[in-house]
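# Coordinates in review
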Amino acid sequence: MSSESILPSFASVRATLPLGEPGTLVGRVWDPAVGGPSPVVVLDGGVHDLSRTYATVRDLCEEPRPAKAAREAAGAVLGSVDELLEGTAAATATGPRLLAPVDLQSVKAAGVTFAVSMLERIIEERVNGDLAAAASLRQQILAEIGADLTSVRPGSQDAEKLKAFLTERGLWSQYLEVGIGPDAEIFTKAPTLAAVGTLGPVGVPPHSTWNNPEPEVALVISSRASIVGATLGNDVNLRDVEGRSALLLPQAKDNNASCALGPFVRLFDETFSLEDVRSLTVELEIRGADGFELRDSSPMTQISRQPEDLVEQLFRSHQYPDGAVLMLGTLFAPVVDRATEGLGFTHHPGDVVRISAPQLGALVNEVRHCEDCEPWSFGLRDLMANLAERRLL
């Protein structure tokens, strides 16, 4: 099955938007008519321009009630959701297309927030990124400690006892510290404006032989550390690179097109809140051009660190005047063999990754090598120049 036959099937309202009550959905559109991006809100199937009131999504998120502000500021219709999705999926489209739904916010990510994720990072470190050695070590560790660590709360006395137990058995790892210690691992996932949106390609470098998607919920946070909404994210990860050394995390996480967000930000309102985020289950589907298929899920109920605790740690000793996006981590750890027994999963170019949750819709991206993805060329100076030319600053 080729990727050309897969992507168009996801370029529809039914395959993209939340099920049931859609809530307040905001995002960004590249509008050729103005030569730049515009914030938008989805109302009754129409995608409305917000730029005359809010030049950036960041500005909207600074409002006391962003959802109400977005609905009241709805301007001209740039097209229907269907039209924008079709234009985004078509390589030759000349009309408006969807972008990642955030702009000036710092894009951060929290790692090792699920117990299974912690164990996989320990394995990566122990085998120095050697995929073939991972399966054997995984069995050894699970035989020692069991598979259910969901009741252990980071920083608690029970967590300290578990860390001591593993250390005594020679299984100490720096990932234990961020997995069950008091301080979370929070890192910069992508430069501002570098994230890609739904139906665009995501990139992995050709030198990586062990990599995977990381399906996550991403919180959108104002400069006041107020969580204003959520979206979906793909924290594409190079397991072989990070496994060689945790100090290589920037190279493992931040490459061209290696961060995807979307399809829209669902702002908190009377239909959607942080309590809904806590109960989400993020679904993952991978379809390869070689016929390979994989499905898995990541229930937010199993997260070890609560979302508001991660936000508190993010803002504890730092300010974010333009707000932030915080990806919350994943339970997903792909151990299913793709081609060779014992070698687990890794991406092939042409894979189509669909990350979804009923309340947030679906984020869909095709995997390519980084150099085959569109280069990131529209940066902060370009945005400021475009907004100034449009007299929006």
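Since the model is a prediction, treat every value here as computed from it, not as a measurement.

Now for the environment of Leu25. Residue placement: Leu25 occurs in strand 1 (residues 24-31). Leu25 sits in the buried class, given a relative accessible area of 2%. For the pair formed by Leu25 and Ala70, sequence separation is 45 residues and the distance between their alpha carbons is 8.9 Å.

A few words on the pairing of strand 2 (residues 36-43). With seven of eight residues buried, strand 2 lies mostly within the body of the structure. Sheet topology places strand 1 next to strand 2; seven bridges connect them, and they run antiparallel. The partner of Trp30 across the bridge, within strand 2, is Pro37. Counted along the chain from strand 1 to the antiparallel partner strand 2, the turn is four residues long, and its residue Gly35 has a positive phi close to 65°. Two elements, strand 2 and strand 3 (residues 46-49), share four bridges in a ladder whose sense is antiparallel. Opposite Val42, over in strand 3, you have Val47 as the bridge partner.

What follows deals with the packing of aromatic side chains. Using the criterion set out here, one finds four aromatic pairs in the structure. Look at Phe315 and Tyr320: their rings are 5.2 Å apart centre to centre, the planes differ by 65°, and that puts the pair in the edge-to-face class. Its relative accessible area of 8% is what places Tyr320 among the buried residues.

To continue, consider the pattern of salt bridges. Applying the stated rule across the entire model yields 19 salt bridges. Residues Arg28 and Asp103 are paired through a salt bridge, measuring 3.8 Å at the closest nitrogen-oxygen approach. Note that Arg28 is positioned in strand 1 and Asp103 in the loop between strand 5 (97-99) and strand 6 (106-111), a separation of 75 residues in sequence. Across this residue pair, the class does not change: Arg28 and Asp103 are buried. As a salt-bridge pair, Asp290 and Arg338 come within 3.1 Å of each other at their nearest N and O atoms. Of this pair, Asp290 sits in the loop between strand 14 (281-287) and strand 15 (293-299) while Arg338 sits in the loop between strand 16 (324-327) and strand 17 (352-357), and the two are 48 residues apart along the sequence. The exposure class assigned to Asp290 is partly exposed, which follows from its relative accessible area of 48%. Through salt bridges with shared partners, one network takes in Lys189, Glu214, Asp235 and Lys253.

Reading the values: rules and limits
Residues numbered from 1 in each chain as written. Predicted model: local features only at pLDDT ≥ 70, side-chain atom pairs only at ≥ 80, totals over all residues. Heavy atoms only, no water. Helix = DSSP H or I, 4+ residues; strand = E, 2+ residues; numbered from the N terminus. Buried < 20%, exposed > 50% of the residue type's maximum accessible area, 1.4 Å probe, protein only. Pairing = 2+ DSSP bridges. Phe/Tyr/Trp six-rings, centres within 6.5 Å; stacked < 30°, edge-to-face > 60°. Salt bridge = Lys/Arg side-chain N within 4 Å of Asp/Glu carboxyl O.

It is worth stressing that arrangement in space is one thing and function is another; only the former is reported here.
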